[in-house]
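# Working through the structure, step by step
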Amino acid sequence: MNTKESTAGKTVRIVFLTLWLIFTVFPLYWITITSFKPPGAIFAFPLSYWPEEFSLDNYAGLFDKAEFGTYLVNSLIVATVAGVLATAISMLSAYVLARFEFRSKGALLMAALVTQMIPAFIALGPLYLLMTDLRLVDNRFGLILVYVAVCIPFCTVMLRGFFENIPDTLEEAAMIDGCSRFGALFRVLLPVMRPGIIAAFIFNFVNCWNELFLSVTLMNSDDNKTVPTALNGFISSFNIDWGSMSAAAVLTILPTMVLFAFASRHIVQGLTAGAVKG
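Residues numbered from 1 in each chain as written. Predicted model: local features only at pLDDT ≥ 70, side-chain atom pairs only at ≥ 80, totals over all residues. Heavy atoms only, no water.

### A few points about the layout of surface pockets
Which parts of space are left empty comes out when a probe the size of a water molecule is rolled across the atoms. Under the convention used in this document: The method works on a 1 Å grid over the protein atoms by themselves. A cavity is a set of points holding a 1.4 Å probe that cannot get out, a pocket is an open set with protein on both sides within 12 Å along at least five of seven lines, and residues with an atom within 4 Å of a point line them. Grid points are joined across faces, edges and corners, and a volume is the space filled by probe spheres set on the points. Working definition: helices are DSSP H or I runs of at least four residues, strands are E runs of at least two. Numbering for both runs from the N terminus. Throughout this entry, Asp, Glu, Lys and Arg are counted as charged residues, while Ala, Val, Leu, Ile, Met, Phe, Trp, Tyr, Cys and Pro are counted as nonpolar. The remaining residues, Gly among them, count as polar.
Approximately 500 Å³ is the volume found for the largest pocket. Lining the largest pocket are 19 residues, and of these Thr115, Ile118, Pro119, Ala120 and Val150 lie nearest its centre. If you list the elements that add at least two residues to the lining of the largest pocket, you get helix H6 (140–165) and helix H9 (194–210). Top element by residues in the lining of the largest pocket is H6. It accounts for six residues. Of the residues in the lining of the largest pocket, the class split is 15 nonpolar, three polar and one charged.

And the structure:
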């Protein structure tokens, strides 16, 4: 009886996971084949689930007309620099919150969590005025600063969990051997925390890479626009350029897919290590 129940349970689980996989992968598949269809074949009826003729016109148009290469470079610079800075700052603040006791510690943690519940677009107006006064509108450095500020709270809470999983004795032993507190942090704790740091960086990178509202608000010129802003530009009041948008979406997804493919082991280790306090 138990064997039959376990077999039935496995069958239901496999069927459910298969349906969920199809439901998840199909939109990505459809966007990909749409990007390779000639412009006249995208709206052909009946629907074609495999292009009769593969065309690179949509991709060529991105770089010939829309300067998509510039948008990719801008997104890569902004997301990488913001991800590195946010991870480094969050790492230091998380270390302080995990290792030291002080009066406002609880308030800081609560503030970091509360900020994640506030939609970013609520602050767009005041933020735009502030960046205008600082002369950082339509400036990649200004967008990086905003992204760093947005990523730090959650990343700090995330990395604090990793520090709390590392025994204090490891750090104390390094300091007894002659390391300063910073020396123990960088020579002993950070190598142990490498999966967590990589997971935090990828989280920050993907958030910055995909962010739209702040980029649209703060970036005006084509020389400084990022990829999400470019994707938004394919939508007009009366028409949507599905071919170009599909090609741009495929090129936008590729960097994050490659990043996850190479760092998947570290991501799993990092997320599981920070999930439960040892």
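### Some words on the packing of helix H7 (residues 168–176) against helix H8 (residues 181–192)
Where we set the bar: Helix axes are fitted only over the stretch in contact, all axes being lines through C-alpha atoms; the angle between N-to-C directions runs from 0 to 180 degrees. Angular relationships are summarised with four words: roughly parallel below 35 degrees, roughly antiparallel beyond 145, roughly perpendicular across 65 to 115, and oblique for the angles in between. With the far helix as reference, a near helix turned anticlockwise by less than a right angle produces a left-handed crossing, and one turned clockwise produces a right-handed crossing. In what follows, residue pairs with any heavy atoms lying within 4.5 Å of each other are defined as contacts.
Where H7 contacts H8, the two axes come as close as 9 Å, and the packing angle between them is 135°. Comparing their axes, H8 and H7 come out oblique. The way H7 lies across H8 gives a crossing that is right-handed. The residues of H8 that touch H7, namely those facing Leu170, Glu171, Ala174 and Met175, are Arg181, Ala184, Val188, Leu189 and Val192. Considered class by class, the residues forming the contact of H7 with H8 number seven nonpolar, no polar and two charged.

### Describing H6
Inclusion rule: Between the first and last residue of a helix there are one fewer steps than residues, each counted as 1.5 Å, and that sum is the expected span. Bend is computed residue by residue as the angle between axes fitted to the seven residues ending at the residue and the seven residues starting at it. Definition of a polar contact: a pair of N or O atoms within 3.5 Å, with one able to donate and the other able to accept a hydrogen when the atoms are protein atoms, and with sequence-neighbouring residues admitted only if both atoms are side-chain atoms.
The end-to-end C-alpha distance of H6, which contains 26 residues, comes to 36 Å, matching closely the 38 Å that a straight helix rising 1.5 Å per residue would cover. Most pronounced at Ile152, the bend in H6 amounts to some 40°, and the proline Pro153 follows within four residues. Its side-chain oxygen placed 2.7 Å from the backbone nitrogen of Phe141, Asn139 serves as the N-cap of H6.

### A few points about the nonpolar core
Put simply, the rule reads: We define a nonpolar core as any set of buried Ala, Val, Leu, Ile, Met, Phe, Trp, Tyr and Cys residues linked to one another through side-chain atoms lying within 4.5 Å. For the exposure calls, accessible area comes from a 1.4 Å probe over protein chains only, and a residue counts as buried if that area is under 20% of its type's maximum, exposed if over 50%, partly exposed in between.
With 22 residues, the main nonpolar core has Ala82, Met131, Leu143, Val146, Tyr147, Cys208 and Leu214 as its most contacted residues. Elements represented by at least two residues in this core include exactly helix H3 (68–99), helix H5 (124–133), H6, H9 and helix H10 (213–218). Per element, the largest residue contribution to this core is six residues, and it comes from H6. In contact with Cys208, other than residues within four places in its own chain, are Ala79, Ala82, Tyr147 and Cys151. Membership of the second largest hydrophobic core comes to 17 residues, among which are Leu185, Met193, Ile197 and Ala199.

### Quick word on empty space enclosed by the protein
Evaluation of the coordinates by the stated rule reveals one cavity of 30 Å³ or more. For the largest cavity, the calculated volume is near 30 Å³. In terms of lining residues, the largest cavity is bounded by Ser75, Val78, Ala79, Tyr147, Cys208, Trp209, Glu211, Thr226 and Pro228. Looking at the lining of the largest cavity, the elements that each hand over two or more residues are H3 and H9. Looking at the lining of the largest cavity, the element that brings in the most residues is H3, giving three residues. Broken down by class, the residue content of the lining of the largest cavity amounts to six nonpolar, two polar and one charged.

### Quick word on the confidence of the model for the chain
Let me state the cut-off plainly: Values of pLDDT, ranging from 0 to 100, describe the predictor's confidence in every residue of the model.
The predicted model of the chain has a mean per-residue pLDDT of 82, with 91% of residues at 70 or higher. No element of the chain has a lower mean pLDDT than helix H12 (residues 242–275), which averages 73, and none a higher one than H3, which averages 91. Contacts of residues 274–278 to residues separated by more than four positions or lying in other chains number seven contacts, the stretch itself having pLDDT below 50.

### As for the packing of aromatic side chains
The criterion, for reference: Only Phe, Tyr and Trp rings take part, Trp by its six-membered ring, and two of them pair if their centres are within 6.5 Å. Stacked means planes under 30 degrees apart, edge-to-face means over 60, and tilted covers everything else.
The full count for this structure, using the stated rule, is twelve aromatic pairs. Ring centres 4.8 Å apart and planes at 35° place the aromatic pair Phe154 and Phe203 in the tilted group. Here the residue Phe154 occupies a position in helix H6, and Phe203 occupies one in helix H9, the gap between them amounting to 49 residues. On the basis of relative accessible area, Phe154 is assigned to the partly exposed category, the value being 33%. These aromatic residues form a ring-pair network of at least three members: Phe26, Tyr29 and Trp30.

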